[in-house]
Amino acid sequence: MTFDRRIKIAPSILSADFANFGQECRAVEDQGADWVHVDVMDGHFVPNLTFGPAMCKAIRPHIRGVMDVHLMIAPVDPYIEAFAEAGSDIITAHVEAGPHVHRTLQAIRGAGARAGLALNPGTPAEAARPLLDDIDLICVMTVNPGFGGQKFIYSQIEKVRDLRAMIGDRPVHIEIDGGVDPTTAPLVAAAGADVLVAGSAVFRGGSVSNSVPYGENIRAIREAAEAALR
């Protein structure tokens with residue numbers, strides 16, 4: 001991975017066809033996705049249960065680019081090595097998931113992955129300040145984690161602005177997760193985000209046998225975000 005602040009679209013496979021994950025990953029990349037985002041939920045830290053390391057390992061051969069793994073689990077540390085070995089390029093943990101997040105970030109980097117830090121909507125930007133030199137990405141949750149298809153929480157835009165100012169010239173991505181579509185994408189891009197996770201807004205209207213709508217949706221989000229930067 002090389003660092004740049006160009007807009008990147010990261011479809012969340014939480015909204016993909018669960019019976020065809022490998023084909024879905026290939027389809028969204030063929031249609032212009034920059035990263036593939038994997039939402040891991042444990043039914044404990046968040047009220048839903050999704051995927052584990054075995055599934056990440058299974059889809060890794062189908063992803064040519066970045067596999068961006070978002071751990072919405074607690075505890076996190078016992079599972080870092082398994083997700084790294086499964087081929088995760090980025091592993092993101094929540095600041096709210098445990099008392100020793102600095103240790104968690106060190107463990108992620110020690111396992112050979114890029115380290116991400118996620119903030120829930122109720123967590124202030126200041127929570128990230130002591131950790132900015134230990135991360136490669138900060139994920140701002142613009143919905144409450146646990147389910148796809150939720151409405152965007154507009155109060156988080158100011159948090160993105162605050163984080164962008166804090167980050168300065170550090171090589172840290174700002175990722176937005178939740179409610180991203182062509183209407184909200186320009187708002188967060190203008191505030192300083194460069195990685196946009198989108199689930200239903202990408203997969204809506206398409207399928208593995210008809211992936212053209214995926215490309216249309218990805219282009220619509222990207223064009224709306226990039227227009228805000230001109």
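Residues numbered from 1 in each chain as written. Predicted model: local features only at pLDDT ≥ 70, side-chain atom pairs only at ≥ 80, totals over all residues. Heavy atoms only, no water.

Description of the overall build of the protein
To be explicit about the condition: The helix and strand labels rest on DSSP assignments: H or I over at least four residues marks a helix, E over at least two residues marks a strand, and numbering proceeds from the N terminus. The atom set for the radius of gyration is the C-alpha atoms, and the globule formula is 2.2 Å times the number of residues raised to the power 0.38. Exposed residues in this analysis have more than 50% of their type's maximum accessible area, buried residues have under 20%, and partly exposed residues fall in between, with area computed by a 1.4 Å probe over protein chains only. We call two residues contacting when some pair of their heavy atoms lies within 4.5 Å. Computed with a 1.4 Å probe, the accessible areas rest on the Shrake-Rupley method; for each residue, only the protein chains presented here act as cover. Lys and Arg are tallied as positive, Asp and Glu as negative. Neither His nor the chain termini are counted. Each charge is placed at NZ for Lys, CZ for Arg, CG for Asp and CD for Glu.
Helices and strands together make up the secondary structure of the protein, namely 8 helices and 8 strands. In summary, the protein has a C-alpha radius of gyration of 16 Å against a globular reference of 17 Å for 230 residues, a match within 12%. Viewed in the frame of its principal axes, the protein has a C-alpha envelope of about 45 × 40 × 35 Å. Residue burial in the protein is summarised as follows: out of 230 residues, 54% are buried. Considering only residue pairs separated by 6 or more positions, the protein has 67% of its internal contacts joining residues 24 or more positions apart. When the accessible surface of the protein is summed, it comes to about 9,500 Å², and 51% of that surface belongs to carbon and sulfur atoms. Each charge sign in the protein was given a centre, from 20 positive and 28 negative side chains, and these centres are 3 Å apart.

Description of unusual backbone geometry
Cis geometry is found at the peptide bond from Ala 74 to Pro 75, where omega equals 0°. Within the secondary structure, Pro 75 sits in the loop between strand 3 (66-72) and helix 3 (80-85).

Let's talk about helix 8 (residues 212-227)
Since the α-helix turns once every 3.6 residues, residues separated by three or four places project in the same direction. The condition is simple: Every helix has an expected span of 1.5 Å times one less than the residues it contains.
Relative to the 22 Å expected for 16 residues at 1.5 Å per residue, helix 8 spans 22 Å between its end C-alpha atoms, a close match to the ideal helical length. Restricting attention to buried positions, one finds in helix 8 the residues Pro 213, Tyr 214, Gly 215, Asn 217, Ile 218, Ile 221, Arg 222, Ala 224 and Ala 225. On its buried face, helix 8 sits against strand 1 (8-11), helix 1 (21-30), helix 6 (185-191), strand 8 (195-198) and helix 7 (200-203).

Some thoughts on the sheet that holds strand 5 (residues 114-119)
Inclusion rule: Being paired, for any two strands, means DSSP has found at least two bridges between them. Here the axes come from fitting lines to C-alpha atoms, over the contacting stretch only for helices, and the angles between their N-to-C directions go from 0 to 180 degrees.
One open sheet accounts for 8 strands, arranged 1-8-7-6-5-4-3-2; its pairing is parallel. In this open sheet, the two strands that pair with only one neighbour each are strand 1 and strand 2 (35-41). Neighbour-to-neighbour, the strand axes of the sheet open up by a mean angle of 25°, direction not taken into account. Looking at chain direction, strand 6 (residues 137-141) and strand 7 (residues 173-177) are connected through 5 bridges and run parallel.

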